[in-house]
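A structural walkthrough
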Protein chains: 2
Amino acid sequence: MPTRSRREPLSRDRLLAAAVKIADTEGVAAVTMRHVSAALGVEAMSLYHHLPGKEALLDGLVDTVVMEVVEQISIVEESGGTLGWQATLRRRFLTARTVMLRHPWAPVLIGTRTSIPPSAYAIYEALLATMVEGGFSYELAHRALHSFGSMPLGFVQELFNPAPGDDDMAEEELAAMAEMLPHLTAMVASEIHTNDGDTLGWCDSQNEFEFTLDLLLDGFARRLGP
Amino acid sequence: MPTRSRREPLSRDRLLAAAVKIADTEGVAAVTMRHVSAALGVEAMSLYHHLPGKEALLDGLVDTVVMEVVEQISIVEESGGTLGWQATLRRRFLTARTVMLRHPWAPVLIGTRTSIPPSAYAIYEALLATMVEGGFSYELAHRALHSFGSMPLGFVQELFNPAPGDDDMAEEELAAMAEMLPHLTAMVASEIHTNDGDTLGWCDSQNEFEFTLDLLLDGFARRLGP
DNA sequence: ACCTGAACACCGTTCAAGT
DNA sequence: ACCTGAACACCGTTCAAGT
């Protein structure tokens, strides 16, 4: 039986698919040139014939995920009918979010990129088209893009991402904290919500995402006038 | 003349101060155990007597910057008088921003942390106190903290951080882009604003920050009722 | 208690060589 | 054109040894 590398020559797409798989299963830190190449049954230096280097690999990882967002939005919009600008934006951001939930490493990696993935332009173009059609000036639409932040890609940036169960504390520590941080402890006590697993980080649940999204959408609707 | 390491023994604070200085001048990628230790005239392994490892060093870097935010806010609030909840939040976020502008590497590094810096609790506690005093329920205050995102630390998360001058394009590329992305090119054409240097990334100017901030503050004021 | 220096197991990347 | 294997310059971290 011939080896896999014999029948299937390496390609940028095969390479990135392997890298995404590694990131999904072992975490993004496991995405090294040597590890990815080993998973493909090839030498590390072979990757350089399809990508200029490590940074390009990470850029490609982000681009792959953003392309997945673009595709998912296409599917939803083709089958879902036409809506007003507000509902269209809302649906897009929530659709993007379903993709990010499949790749929880993506938000952090996206934050570290210094170049814009080509696929992201398509998303911004579509958002602008929807807003301009809905009566936005370019100036207001531009500001909206900034205000939405990372929502067009389906996530809100969490400040910190504590590992679950990382917040174990001794009794005395808790008592000291309750004294120094009374409002924080009161809030946590009054708001213990079960982490149901469908999150991208601490408290980033569906409800938080939708709350902020609607707050922003309402704000722009109001600025557009009645 | 005795060497500096002889008269000044190493300490966690001296170590972190050196690391911050390196990050400010050479970028956060230059913050390696070996490089930091060399700057202190000491062996790499000496750092392990004051920090458990590299991750703790980066955590300490973030904590140092957040402490700087806390101090700056104290200074401003002591000399600035008491305001309502809305103006207090606004002043704090804008104050925090002045600190982040001094450490442009901090936002990205903060995004990669998996533990919350101790100094951040003080910020959240103070924000909660202000909001509860202003009539917020703990539930609404909690949602507000999430909606503000990274603003309490003085920045809005930029999706991507293109290096300035990284967007050089050939004539033909520009023409092709104008055809494929008509709204995006129209927006850029109608909105060329000079990058005046006081930014934390692409388009993240003072105006964008304040616009989003006020949009959110208005939204919460409205949800609080008249 | 604090610091050293050699060593180990990893990186990304170069280079010259193979086919 | 594509892939290899050795080598280089860096990492973070271990360990045993110094003072």
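Description of the structure in this document. Everything numeric here is computed off the predicted structure, so don't read it as measured data. (Residues numbered from 1 in each chain as written. Chains lettered and ligands numbered in written order. Predicted model: local features only at pLDDT ≥ 70, side-chain atom pairs only at ≥ 80, totals over all residues. Heavy atoms only, no water.)

With that out of the way, let us pick up the side chain of T130 of chain B. Residues and elements named next belong to chain B. Structurally, T130 can be placed in helix α7 (residues 118-133). Among the polar contacts listed, one links the side chain of T130 to the backbone oxygen of A126, at a separation of 3.0 Å. Ignoring any residue separated from it by four or fewer positions in sequence, one finds T130 in contact with W85, T88, L89 and R92. (Helix = DSSP H or I, 4+ residues; strand = E, 2+ residues; numbered from the N terminus. Polar contact = N/O pair within 3.5 Å; in protein donor to acceptor, adjacent residues only side chain to side chain. Contact = heavy atoms within 4.5 Å.)

Not every one of the 15 residues close to DNA strand C is listed here, only the nearest: R34, M45 and Y48 of chain A together with S46 and H49 of chain B. Of all DNA strand C atoms lying within 4 Å of any protein atom, the proportion belonging to sugar or phosphate reaches 45%. A distance of 2.6 Å is found between a phosphate oxygen of DNA strand C and a side-chain nitrogen or oxygen belonging to S46 of chain B. Taking H49 of chain B, its side chain carries an N or O atom lying 3.2 Å from a base nitrogen of DNA strand C. (Near = heavy atom within 4 Å.)

In the structure shown here, the tally under the stated rule is 4 cavities of 30 Å³ or more. Looking at the largest cavity, its volume works out to about 280 Å³. Every residue lining the largest cavity is counted, 20 residues in all, and those nearest its centre are S147 and G149 of chain A together with S147, F148 and G149 of chain B. Sorting the residues of the lining of the largest cavity by element identifies α8 (138-148) and α11 (206-224) of chain A together with α8 (138-148) and α11 (206-224) of chain B as the ones contributing at least two each. Here the lining of the largest cavity is built from residues that sort into 8 nonpolar, 12 polar and no charged. Of the pockets and cavities examined, the second largest cavity occupies roughly 50 Å³. In terms of lining, the second largest cavity is formed by P107, V108, G111, T112 and Q157 of chain A together with P107, V108, G111, T112 and Q157 of chain B. Residues that form the lining of the second largest cavity fall into these classes: 4 nonpolar, 6 polar and no charged. (1 Å grid on protein atoms, 1.4 Å probe; cavity = no way out; pocket = protein on both sides within 12 Å on 5 of 7 lines; lining within 4 Å. Points joined across faces, edges and corners; volume = space filled by probe spheres on them. Nonpolar A, V, L, I, M, F, W, Y, C, P; charged D, E, K, R; others polar.)

Bringing the protein's contact with DNA strand D into the picture now. In the vicinity of DNA strand D there are 15 residues, among which S46 and H49 of chain A together with R34, M45 and Y48 of chain B approach most closely. The share of sugar and phosphate among atoms of DNA strand D within 4 Å of the protein is 45%. Within the contact set of DNA strand D, a base nitrogen lies 3.2 Å away from a side-chain nitrogen or oxygen of H49 of chain A. Its residues assigned to classes, the surface near DNA strand D comprises 6 nonpolar, 5 polar and 4 charged.

A few words now on the packing of aromatic side chains. Under the defined criterion, the tally for this structure stands at 10 aromatic pairs over all chains. Ring geometry for F136 of chain A and F220 of chain A: centres 6.2 Å apart, planes at 40°, overall tilted. Taken together, the positions of F136 of chain A in the loop between α7 (118-133) and α8 and F220 of chain A in helix α11 put the pair 84 residues apart, joining distant regions of the chain. As far as burial versus exposure is concerned, F136 of chain A and F220 of chain A are alike and both buried. A centroid spacing of 6.0 Å and a plane angle of 35° characterise the contact between F220 of chain A and F211 of chain B, whose relative ring orientation is tilted. (Phe/Tyr/Trp six-rings, centres within 6.5 Å; stacked < 30°, edge-to-face > 60°. Buried < 20%, exposed > 50% of the residue type's maximum accessible area, 1.4 Å probe, protein only.)

What follows is about the packing of helix α2 (residues 12-26) of chain B against helix α4 (residues 54-80) of chain B. All names here are of chain B. Packing of α2 against α4 leaves a shortest axis separation of 10 Å and a crossing angle of 80°. In this view, α2 runs roughly perpendicular relative to α4, as classed from their interaxial angle. Contact residues: α2 offers R12, L15, L16, A19 and V20, while α4 offers L57, G60, L61, D63 and T64. Among the residues making up the contact of α2 with α4, the classes are represented as 6 nonpolar, 2 polar and 2 charged. (Axes fitted to C-alpha atoms, helices over the stretch in contact; angles between N-to-C directions. Parallel < 35°, antiparallel > 145°, perpendicular 65-115°, else oblique.)

Take the packing of helix α5 (residues 85-102) of chain B against α11 of chain B next. A pair of packed helices can be characterised by two numbers: the angle between their axes and the separation between those axes. Residues and elements named next belong to chain B. Look at α5 against α11: their axes get within 11 Å of each other, and the N-to-C directions meet at 155°. Between α5 and α11, the angle is such that the two are roughly antiparallel. Considering only the axes of α5 and α11, their crossing is right-handed. Residues W85, Q86, L89, R90, F93, L94 and R97 of α5 pack against Q206, F209, E210, L213, D214, L217, D218, F220, A221 and L224 of α11. Considering only residue class, the contact of α5 with α11 consists of 10 nonpolar, 2 polar and 5 charged. (Left-handed = near helix turned anticlockwise from the far one by under 90°.)

A separate point is the interface of chain A and chain B. The partner chain B presents 59 residues to the 59 residues of chain A that form the contact. Summed over both sides, the interface between chain A and chain B buries roughly 5400 Å², with carbon and sulfur atoms accounting for 68% of that surface. Counting every contact that joins chain A to chain B gives 2 salt bridges. Run the count over chain A and chain B and you get 8 residue pairs in polar contact (both at pLDDT 80 or more). Listed by contribution, the elements that provide at least two residues to the side of chain A that touches chain B are α6 (106-112), α7, α8, α10 (182-190) and α11 of chain A. The dominant element in the side of chain A that touches chain B, judged by the number of residues it contributes, is α11 of chain A, at 11 residues. Per-class residue counts for the side of chain A that touches chain B are 31 nonpolar, 17 polar and 11 charged. (Buried area = accessible area lost by both parts, 1.4 Å probe. Salt bridge = Lys/Arg side-chain N within 4 Å of Asp/Glu carboxyl O.)

Any link to function would need more than the numbers given here.
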